[in-house]
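# Descriptive analysis of the structure
Below, each chain spelled out in residue letters.
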Amino acid sequence: VINSGSILIKDSEIVLHSDSGGTSGALQSSGSGALIEAENVKITSDNSNYTIGLYGASGGTIQGKDVTINLISGDGIFAYDSGTLINLQGNTTIHANNGAALSIDDDAQVIGTGKMDLLGYIETSAGALVDLQMTAGSKFVGSANPFGLNGGTINLAMTGSQWDMNSTSYVNNLVLNNSTVNIS
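Nothing here was measured: the structure is a model prediction, and the numbers come from that model. (Residues numbered from 1 in each chain as written. Predicted model: local features only at pLDDT ≥ 70, side-chain atom pairs only at ≥ 80, totals over all residues. Heavy atoms only, no water.)

## Here we look at the overall build of the protein
The secondary structure content of the protein amounts to 0 helices and 16 strands. Taking 184 residues into account, the globule formula puts the C-alpha radius of gyration at 16 Å, and the protein, at 15 Å, falls close to it. Within the protein, the proportion of its 184 residues that are buried is 48%. Taking the contacts inside the protein whose residues are at least 6 apart along the sequence as the reference set, 57% of them involve residues at least 24 apart. Put simply, the protein shows about 7800 Å² of open surface, and 45% of that area lies on carbon and sulfur atoms. (Helix = DSSP H or I, 4+ residues; strand = E, 2+ residues; numbered from the N terminus. Rg over C-alpha atoms; globule rule 2.2 N^0.38 Å. Buried < 20%, exposed > 50% of the residue type's maximum accessible area, 1.4 Å probe, protein only. Contact = heavy atoms within 4.5 Å. Areas by Shrake-Rupley, 256 points an atom, 1.4 Å probe, with all protein chains shown as cover.)

Printed below as a string of structure tokens:
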């Protein structure tokens with residue numbers, strides 16, 4: 001979806017078939033006023049080529065409720081540019097087996113509230129924001145800004161949740177309420 005366009009995708013499954021050497025993305029919102037509403041959507045990839053589940057750019061917005069992303073290789077969510085917003089609600093699963101669960105750059109924002117199951121690292125740079133309110137039963141396996149602080153912000157508030165940190169991590173705010181961080 002570009003510029004002022006909008007689309008509602010509900011109760012659907014998207015399978016990414018990336019050709020060798022190419023990149024494919026499932027849902028892309030790009031440009032001011034562009035809006036994707038995804039509810040009860042499952043995104044998967046069927047091969048090891050680089051893929052992106054949700055892609056926001058140039059001020060686009062994605063509203064996700066009960067979204068599942070399971071990629072063999074690539075980034076679960078990639079967003080960049082000022083005004084770009086990805087808002088996750090409900091049950092969110094992002095398994096980026098060989099990439100970033102969330103890769104957020106250049107003043108883009110990812111905000112999420114609900115039960116989350118995240119596999120892969122979270123990275124921000126250049127004014128980007130990741131703000132997650134992880135509710136009971138949430139799990140994060142991965143690291144936060146494993147490459148160091150690059151001008152972005154990561155805020156994690158975890159209630160009844162678990163973070164299995166598998167690499168050096170940098171967060172701006174970490175709130176643990178009846179939650180566990182396992183460092184390996």
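## Looking at the pattern of salt bridges
Using the criterion set out here, one finds 1 salt bridge in the structure. We note a salt bridge from Asp164 to Lys139, for which the minimum N-O separation is 3.5 Å. Of this pair, Asp164 sits in strand S14 (residues 162-165) while Lys139 sits in strand S12 (residues 139-142); the two residues are 25 residues apart in sequence, bridging distant segments of the chain. By relative accessible area, which is 34% here, Lys139 ends up partly exposed. (Salt bridge = Lys/Arg side-chain N within 4 Å of Asp/Glu carboxyl O.)

## Some words on the pairing of strand S8 (residues 92-104)
Pairing of strand S5 (residues 61-71) with S8, which is carried by 4 bridges, proceeds in the parallel orientation. Note that in S8 the partner of Ile69 across the bridge is Ile94. Of the pairings in the sheet, the one linking strand S6 (residues 74-80) to S8 comprises 3 bridges and is parallel in character. In the sheet register, Ala79 faces S8, and the bridge partner there is Ile104. As defined by bridge partners, S8 adjoins strand S10 (residues 116-124) across 8 bridges and the pair is classed as parallel. From the neighbouring strand, Ala100 faces S10, where its bridge partner is Tyr121. (Pairing = 2+ DSSP bridges.)

## Notes on unusual backbone geometry
Its identity as a non-glycine residue notwithstanding, Asp11 has a phi of 50°, on the positive side. By relative accessible area, which is 53% here, Asp11 ends up exposed. Positive phi, normally seen in glycine, also occurs at Asp106, with a value near 50°. If you trace the backbone, Asp106 turns up in the loop between S8 and strand S9 (109-114).

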